[in-house]
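One-letter residues, chain by chain:
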Amino acid sequence: MSEGKSPWGSSGGSSGGGSGGNNGGRGNNPWGSSGGGGQKPPRRPQQSADLDNVIRGFKDKFGGGGNNAGKPGNLGFGLIAIVLVVFYLLSTSIYKIDQNEEGVVLRFGQYSRTTPPGLHLKLPIPFELIQKVDVESERTINIGTTSENLMLTGDENIVRIAYAVIWRVNNSADYVFNLQNVPKAVNDVAESAMREIVGKTE
C-alpha cells in the first residue's frame, strides 16, 4: 500500500511511464476497464434470422404464406373435387331400364322421349329426370267387394254386383302425363261401363 497501489488498480494516470505501468491502459481492475476503450460483447443476429426462417417455414407449410397455390394440399383438394363431380355426372346420367319397363325421360319437367329396356344415357339431374313405368305386369282393381255396389237393370230391378278389372299400361307417356290418379280413373271407367251393360240387361 506504500507504493500507492490499489487492489482495484492504479488510480493515477501518470505513474509507470509506459504501457507496462498501466497494463495497456486498462489497469488492474478485476471487472475490466470502466472507460470507453473496452470491447463490447458481440451481438448474435443469426439467432433472430433462424427464428424468422422457422416462422416462415410454418406459414408456408400450413397455408399461411399466401402464395401456396401450387402446394400438394391444394392439389389434393382439387383432385377430390374433380372426382366427386365426375362421379355425380356418371351416377345421374347412366340409367337402366328393366325388361318389363319403359323409361319416360323428362327434360325440365316436359316429355322428351321414351326409352326401351337396357342401359341408356341422359343429361344429369336437374336437366333430365327419368320415370320408370312397368308396362308388362297386370294390375287388378276389385269393385263391389268391400262395399255395396247397386245397379238398376233394364227391367228396373236392383242388383248388387262385385267384379274385378284387370288392366296394364299400354302407353307409358300417357300413363305419366295424361292422368293424375290412374287407378281411380280405371275404377270410374269400369263402373260406368258396367252400369251401361247392366242397364241394358233384364
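Fair warning: this is a prediction, and the values are worked out from it, not measured in the lab.

**Observations regarding the overall build of the protein chain**
Summing up its helical and strand segments, the protein chain has four helices and nine strands in all. If you list the helices and strands of the protein chain from N to C, you get α-α-β-β-β-β-β-β-β-β-β-α-α. Expressed as a percentage of its 202 residues, the buried residues of the protein chain come to 18%.

**What about the environment of V165?**
Its location among the elements puts V165 in strand β9 (residues 163-167). V165 sits in the buried class, given a relative accessible area of 18%. Placed 21 residues apart in sequence, V165 and V186 show a C-alpha to C-alpha distance of 8.3 Å. Not counting residues up to four positions away in its chain, the partners in contact with V165 are R139, T140, I141, I143, V186 and A190.

**Regarding the environment of G144**
By secondary structure assignment, the location of G144 is in the loop between β6 (139-143) and β7 (150-152). In sequence terms G144 and I161 are 17 residues apart; their C-alpha atoms lie 6.3 Å from each other.

**With respect to the nonpolar core**
If you look at the biggest cluster of nonpolar residues, it comprises 16 residues, and the most contacted ones within it are I143, Y163, V165, W167 and V186. Mapped onto this core, the elements with two or more residues apiece are β2 (101-107), β6, β9 and α4 (182-199). Looking at which element gives the most residues to this core, the answer is α4, with four residues.

**Focus: the sheet that holds β2**
In spatial order, the strands read β3-β2-β5; together these three strands make up an open sheet with antiparallel pairing. Where the open sheet ends on each side, the last strands, each with one partner, are β3 (110-115) and β5 (128-134). Strand-to-strand, the axes of this sheet are offset by a mean angle of 30°, without reference to chain direction. By the bridge criterion, five bridges tie β2 to β3 in an arrangement that is antiparallel.

**Examining the side chain of D134**
Tracing the backbone through its elements, the reader meets D134 in strand β5. Here D134 is buried and forms no salt bridge, its nearest opposite-charge partner R139 lying at an N-O distance of 5.0 Å. Separated by 3.3 Å, the side chains of D134 and N100 make a polar contact. Beyond its immediate stretch of four places on either side in the chain, D134 contacts N100, E101, R139 and V169.

**Here we look at a nonpolar patch on the surface**
Together, I82, V86, L90, I94, L119 and L121 line one region of the surface with nonpolar side chains, adding up to about 620 Å² of accessible area. Every element with two or more residues in the nonpolar patch is listed here: α2 (72-93) and β4 (118-121). If one sorts the elements of the nonpolar patch by residue count, α2 sits on top with three residues. Structurally, L121 is set in strand β4.

**Some details on the confidence of the model for the protein chain**
Taken as a whole, the protein chain shows an average pLDDT of 77; of its residues, 65% reach a score of 70 or greater. The low-confidence segment residues 11-26 (pLDDT under 50) makes six contacts with residues lying over four places distant or belonging to another chain.

**Details of the packing of aromatic side chains**
The geometry of an aromatic ring pair is captured by the separation of the ring centres together with the interplanar angle, meaning the angle of the planes. By the definition in use, this model includes two aromatic pairs. Where Y111 meets F177, the ring centres are 5.9 Å apart and the plane angle is 85°; that geometry is what we call edge-to-face. One end of the pair, Y111, is in strand β3; the other, F177, is in helix α3 (residues 172-177), with 66 residues separating them in the sequence. The exposure class assigned to Y111 is partly exposed, which follows from its relative accessible area of 42%. For the cation-ring pair, R139 lies above W167, with the distance from its terminal atom to the ring centre recorded as 5.3 Å.

Reading the values: rules and limits
- Residues numbered from 1 in each chain as written.
- Predicted model: local features only at pLDDT ≥ 70, side-chain atom pairs only at ≥ 80, totals over all residues.
- Heavy atoms only, no water.
- Helix = DSSP H or I, 4+ residues; strand = E, 2+ residues; numbered from the N terminus.
- Buried < 20%, exposed > 50% of the residue type's maximum accessible area, 1.4 Å probe, protein only.
- Contact = heavy atoms within 4.5 Å.
- Core = buried A, V, L, I, M, F, W, Y, C linked by side-chain atoms within 4.5 Å.
- Pairing = 2+ DSSP bridges.
- Axes fitted to C-alpha atoms, helices over the stretch in contact; angles between N-to-C directions.
- Lys, Arg positive; Asp, Glu negative; His and termini not counted.
- Salt bridge = Lys/Arg side-chain N within 4 Å of Asp/Glu carboxyl O.
- Polar contact = N/O pair within 3.5 Å; in protein donor to acceptor, adjacent residues only side chain to side chain.
- Patch = residues over 30% accessible without salt bridge, like charges linked within 9 Å, V, L, I, M, F, W, Y side chains within 5 Å.
- Areas by Shrake-Rupley, 256 points an atom, 1.4 Å probe, with all protein chains shown as cover.
- pLDDT = per-residue confidence, 0-100.
- Phe/Tyr/Trp six-rings, centres within 6.5 Å; stacked < 30°, edge-to-face > 60°.
- Lys NZ or Arg CZ within 6 Å of the ring centre and 35° of its normal.

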